[in-house]
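# Observations on chain architecture
So you can see what is in the structure, the chains are spelled out below.
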Amino acid sequence: MTEMTASGCSESSCGSTADQLSHLPEHIREKVHNHPCYSEQAHHHFARMHVAVAPACNIQCNYCNRKYDCANESRPGVVSELLTPEQAIKKTLVVASEIPQMTVLGIAGPGDPLANPERTFQTFQALSETAPDIKLCVSTNGLALPEHVEELSKHNIDHVTITINCLDPEIGAKIYPWIFWKNRRIKGVKGAKILIEQQQKGLEMLTEKGILVKVNSVMIPGVNDKHLAEVSKVVKSKGAFLHNIMPLIAEAEHGTYYGIMEQLGPTQAELKELQDACEGDMNMMRHCRQCRADAVGLLGEDRGSEFTLDKIEAMEIDYSSAMEKRKVVHDNIAAELARKEEEKAQGVQFVSLDSLRKTAKPKPQLRSVLMAVATQGGGIINQHFGHAKEFLIYEVASDNVKLIGHAKTDQYCSGNNTCGDGETVLQKLIRSLDGCEVVLSAKIGYEPWEQLEEAGIIPNSEHAMEPIEEALLAVHKEMAESGALEEKTEAGLRATA
Ligand code: CLF
Ligand code: SF4
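To start, this report covers the structure provided alongside it. (Residues numbered from 1 in each chain as written. Chains lettered and ligands numbered in written order. Predicted model: local features only at pLDDT ≥ 70, side-chain atom pairs only at ≥ 80, totals over all residues. Heavy atoms only, no water.)

## A short note on the nonpolar core
- Ranked by size, the top nonpolar core spans 54 residues in total, and within it Leu-105 and Leu-206 carry the most contacts.
- At 6 residues, the largest contribution of residues to this core is made by helix H3 (residues 85-98).
- Among residues more than four places away in sequence, those in contact with Leu-206 are Leu-145, Val-149, Leu-152, Val-160, Ile-162, Ile-211 and Val-213. (Core = buried A, V, L, I, M, F, W, Y, C linked by side-chain atoms within 4.5 Å. Buried < 20%, exposed > 50% of the residue type's maximum accessible area, 1.4 Å probe, protein only. Helix = DSSP H or I, 4+ residues; strand = E, 2+ residues; numbered from the N terminus. Contact = heavy atoms within 4.5 Å.)

## So, the pattern of salt bridges
- For the structure on display, the rule yields 22 salt bridges.
- As a salt-bridge pair, Glu-279 and Arg-286 come within 3.3 Å of each other at their nearest N and O atoms.
- Across the salt bridge formed by Glu-279 and Lys-402, the nearest N and O atoms sit 3.2 Å from each other. One end of the pair, Glu-279, is in helix H10 (residues 268-279); the other, Lys-402, is in strand E14 (residues 400-408), and 123 residues separate them in sequence. (Salt bridge = Lys/Arg side-chain N within 4 Å of Asp/Glu carboxyl O.)

## Structural notes on unusual backbone geometry
- Of note, the amide linkage connecting Gly-109 to Pro-110 takes the cis form, showing an omega dihedral of 10 degrees.
- Along the chain, Pro-110 turns up in the loop between strand E3 (102-107) and helix H4 (117-130).
- One non-glycine residue with positive phi stands out, namely Asn-156, at about 65 degrees.
- Unusually for a residue other than glycine, Glu-262 sits at a positive phi of about 55 degrees.
- Looking at where Glu-262 falls in the secondary structure, it is placed in the loop between helix H9 (257-260) and H10.

## Some thoughts on helix H7 (residues 188-208)
- If you check H7, its first and last C-alpha atoms are 31 Å apart, about what 21 residues at 1.5 Å a residue would give, namely 30 Å.
- One or two positions beyond H7, positive phi appears at Gly-210, with a value near 80 degrees. (Expected span 1.5 Å × (residues − 1).)

## Concerning a nonpolar patch on the surface
- Together, Tyr-257, Ile-260 and Met-261 line one region of the surface with nonpolar side chains, adding up to about 340 Å² of accessible area.
- Positionally, Met-261 belongs in the loop between H9 and H10. (Patch = residues over 30% accessible without salt bridge, like charges linked within 9 Å, V, L, I, M, F, W, Y side chains within 5 Å. Areas by Shrake-Rupley, 256 points an atom, 1.4 Å probe, with all protein chains shown as cover.)

## Some points on the environment of Glu-316
- Structurally, the position occupied by Glu-316 is in the loop between helix H11 (309-312) and helix H12 (319-357).
- Look at Glu-316 and you get exposed, because its relative accessible area is 76%.
- Sequence separation between Glu-316 and Leu-93 is 223 residues, and the spatial gap between their C-alpha atoms is 9.8 Å.

What follows is the structure, given as C-alpha cells:
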C-alpha cells in the first residue's frame, strides 16, 4: 500500500528509507533495509558482491553472448575469473571481512545460476552456515526455477530475481531463439511459451513461500516496450515486490544478435517514461547499475581487482571476529540512518505546519529540475567531478527528491582525453548529462566548469560533503528564490487568458 507522508511524497517517489519502507511489515523491512538493490536508500551505504560460479545457461537471449557477463544482471564485460564454489566461499569471506558494509552475496552468472545447481547450492549452503550475517541472493531466467524453489528456501535465500521480458510467446520468440528443456533444444514460440510458463510458476511458488521476488525486464524498443506495463501489472498481482526495467545494452562488438542487427536500446527519456507509467502499479527500481556477474562493492563501484584469486589465496580469515566487527558497522549505519530520518521527520513537520498557515495565498507553481550528483557512496556529495565514473540523476521538486537513474561516463581526469569520433571525454560526459540543469560534486576544475556553463548546466561544489537530498533541496530552493523556477499560477493563467 502506498502511504502519503506529511510532505506529500509517496513511498515510491521519495528517496528516504522511512518513506520507502515504513509501509512494510516488520519482517519484510528486516529483509530489505540493508539490501542495496531492494532498498534505494540502502544502496548508498551497503555493498553487494557477486561470485561468478555459474558458467552454463539453459536458454539463449538475443542480447547475450556468454563470452560476456549475463546481460540479465550485468553490463557486458568479460568475467575476470570463473570461480569454483570453494574459491567463491573464500572470496566472499575475505570481502565480507575487508568491506564490512557488504551485506549481500549474489549469484548472477555469468550464465544462469539454476542451470548450474550443484555449484550454486554448494556455495549457498556453505555460506549460510559459515556466514549467517550475509544475505543470499540469486538471479535467474526462471526456466529451472520451479524445480529449485524448495532448495532455495532451505538455504535461507530471501531474495530472488527473475528476468521476465514478456508474457506473450510471440514476443518471446523475438527475444529467445531457443531454450534447452528436457534434453532438447526447443526453438521459437514453443520454447518461449515454456519459458514464460516456468517463470510465472516460479514467481507464484516463491511468493507463496514468502521469498521476496524482484522482476527484472530488459526494455527492447519495438519488441517488448509496449508490453512491459502489462508485465508489471501481472507480476505485481502475483506478489512480486519490485520491478526493475533496465535498458537493452546492444553493441556490435559484443557479438550479440541484437548488437549485430543494430537493435537500438531505449533513450533515458523513453526508459523514464515507461518506468513512470508502471510506477502506479508497482514499486520501481531506478538505481540498478546493471552490474557485472563478478562485481564487488557499492552499486556503481567495482572493487573486484582488489580481490583476485592470487591476492586472496594466502589470506587467513577469522570470520567470527569479522562478524563482530561487521555488526558494529551495520549498527552504526542503522543508527545514522535513523538519526537522519528523525531530523527529516522534524523538518517535514515544521514545513507542513508552516505551509498550512500560508494556504490562503495562491502559491507559484515551481517546476522540478533534473540534477546530477557525483558521489562515492554514503549518501554524501563526496566525489570530485573529474574522478566520477557515473552521476546519479535526481528529479528535484521543492519538497521531494526522486532518484530517476544514473549516467555512466568515462573519467574526465583519467588522462585519456579523447573517446573516438573526435569527441573529447569532457564533451561526451556533458552529453551524457543532457537534460540536467545542475551538477553537484565535491570539487570541480576551471575547464569543466566553463564548458558545463556553456552547455547550460550549472556546476555546483558548494555542497561538498553534505547529504545528497538536503543539498538538492537547498539548490532547488536557491533556484526558486532567484525566480528561475516559477511557472504561472492557475490564477495568473486565467488573468492572462
Ligand atoms: Fe546482485 Fe541482483 Fe541480488 Fe542485487 S545486483 S543478484 S539483486 S545482489 Fe542489483 Fe546489480 Fe541491478 Fe542486479 S544493481 S544488476 S538489480
Ligand atoms: Fe545470457 Fe543470462 Fe540470457 Fe542466459 S539468461 S542467455 S546467460 S542473458
